Amino acid sequence: MRHVASSGVCLTVAILFLWVLPTQTVAQQTAGPEHQRLSSLVGEWTYEDSYETGTSVCEWLGTTFVVCQQVFTEPSGTTVPVLHVYGYDADEEAYTMYSFYGRTFGWGSSASAMGWVEDNTWTFVWADNPVSLMRLTMLEEKPSSVSLKWEYSRKGGPWQAANEATLTRVK
């Protein structure tokens, strides 16, 4: 029963997000250099870590958001769909990542992160858990390859490695 309620919440959030977006003024939707920086995420990718493999298709939604639809395959053969929406929040002067998980963290769960980019390194931090933080560092090694590194910190302690993966551009 819980997964039905969570799925309903995620669906409602996604519908509201897509409904509100077109009502913004043209000035609000104008893409700046920060939005253009998101173009490095656009394309078709393969994903591989020590646990699972997957594919990701990332496309522009208008001129200010990049939407990535991913499907991961676990060792058991179970497939897990994930949706990521990347954007830029000018008020916060930070990138945003909204993620909707088909199963990984429970049916219909979601998460959001704030991020920054410097040169060829993106860093996103999730702070919605009062006990721990999660950080993702994405290093663009080449236009066709991105190294991912997840770390966590408990109660503000040192960052500890959680997982590493590689994205390889297919198209």
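Note that the coordinates shown come from a computational prediction; the quantities given were computed from them, not determined experimentally.

Caption draft 1: Quick look at the packing of aromatic side chains. For the coordinates displayed, the defined rule picks out six aromatic pairs. With 6.2 Å between their ring centres and 5° between their planes, Trp122 and Phe124 make a pair best called stacked. For the pair Trp122 and Phe124, a shared accessibility class is recorded, and that class is buried. Through a chain of ring-to-ring contacts, three or more aromatic side chains come together here, namely Tyr86, Tyr88, Tyr95, Trp122 and Phe124.

Caption draft 2: Inspection of the pattern of salt bridges at higher detail. Within the structure shown, the criterion is met by three salt bridges. Close ionic contact of Glu140 with Arg37 constitutes a salt bridge, the shortest N to O distance being 2.8 Å. Of the two residues, Glu140 sits in strand S8 (residues 132–142) while Arg37 sits in helix H3 (residues 33–37), which places them 103 residues apart along the sequence. Members of the salt-bridge network, linked through shared partners, are Arg135, Lys149 and Glu151.

Caption draft 3: Spatial organisation of the pairing of strand S2 (residues 53–61). Alignment of strand S1 (residues 43–49) against S2, held across six bridges, turns out to be antiparallel. Note that in S2 the partner of Glu48 across the bridge is Thr53. Hairpin connection, S1 to S2: the antiparallel pair is bridged by three residues. Of the strand pairs in this sheet, S2 and strand S3 (residues 65–73) are connected by nine bridges, and their pairing is antiparallel. Bridging from a neighbouring strand, Cys58 pairs with Cys68 of S3.

Caption draft 4: The arrangement of the environment of Val42 in detail. If you trace the backbone, Val42 turns up in the loop between H3 and S1. On the basis of relative accessibility, which here comes to 23%, the residue Val42 falls in the partly exposed class. In sequence terms Val42 and Val67 are 25 residues apart; their C-alpha atoms lie 8.4 Å from each other. With residues near it in sequence (within four places) discarded, Val42 still touches Cys58, Glu59, Trp60, Val66 and Arg169.

Caption draft 5: Quick peek at the sheet that holds S1. Pairing within the closed barrel is antiparallel, and its ten strands lie in the order S1-S2-S3-S4-S5-S6-S7-S8-S9-S10. Going from strand to strand, the sheet's axes swing by 25° on average, the running direction of each strand aside.

Caption draft 6: Spatial organisation of the confidence of the model for the chain. Looking at the chain as a whole, its pLDDT mean stands at 83, while 80% of the residues score no less than 70. Across the chain, S2 holds the top mean pLDDT of 96, while helix H1 (residues 2–20) sits lowest at 41. Under a pLDDT of 50 for its full length, residues 1–27 has, in the predicted model, 18 contacts with residues more than four places off or in other chains.

Caption draft 7: Focus on the state of the cysteines. The full count for this structure, using the stated rule, is one disulfide. Paired by a disulfide, Cys58 and Cys68 hold their sulfur atoms 2.1 Å apart. Here the disulfide of Cys58 and Cys68 is right-handed, its torsion about the S-S bond being about 115°. Pair noted here: Cys58 is in strand S2 and Cys68 is in strand S3, with a separation of ten residues, a long-range link. By relative accessible area, Cys58 is classed as buried at 5%.

Caption draft 8: Just the nonpolar core, in detail. Tyr86, Phe124, Leu136, Met138 and Leu148 are the most contacted members of the largest nonpolar core, which has 27 residues in total. Here this core gets four residues from one element, more than from any other, and that element is strand S4 (residues 79–89). Discounting chain neighbours no more than four positions away, the residues touching Met138 are Leu41, Asn120, Thr121, Trp122, Phe124, Val146, Ser147 and Leu148.

Here is what the cut-offs are and how they apply
Residues numbered from 1 in each chain as written. Predicted model: local features only at pLDDT ≥ 70, side-chain atom pairs only at ≥ 80, totals over all residues. Heavy atoms only, no water. Phe/Tyr/Trp six-rings, centres within 6.5 Å; stacked < 30°, edge-to-face > 60°. Buried < 20%, exposed > 50% of the residue type's maximum accessible area, 1.4 Å probe, protein only. Salt bridge = Lys/Arg side-chain N within 4 Å of Asp/Glu carboxyl O. Helix = DSSP H or I, 4+ residues; strand = E, 2+ residues; numbered from the N terminus. Pairing = 2+ DSSP bridges. Contact = heavy atoms within 4.5 Å. Axes fitted to C-alpha atoms, helices over the stretch in contact; angles between N-to-C directions. pLDDT = per-residue confidence, 0-100. Disulfide = S-S within 2.5 Å. Core = buried A, V, L, I, M, F, W, Y, C linked by side-chain atoms within 4.5 Å.

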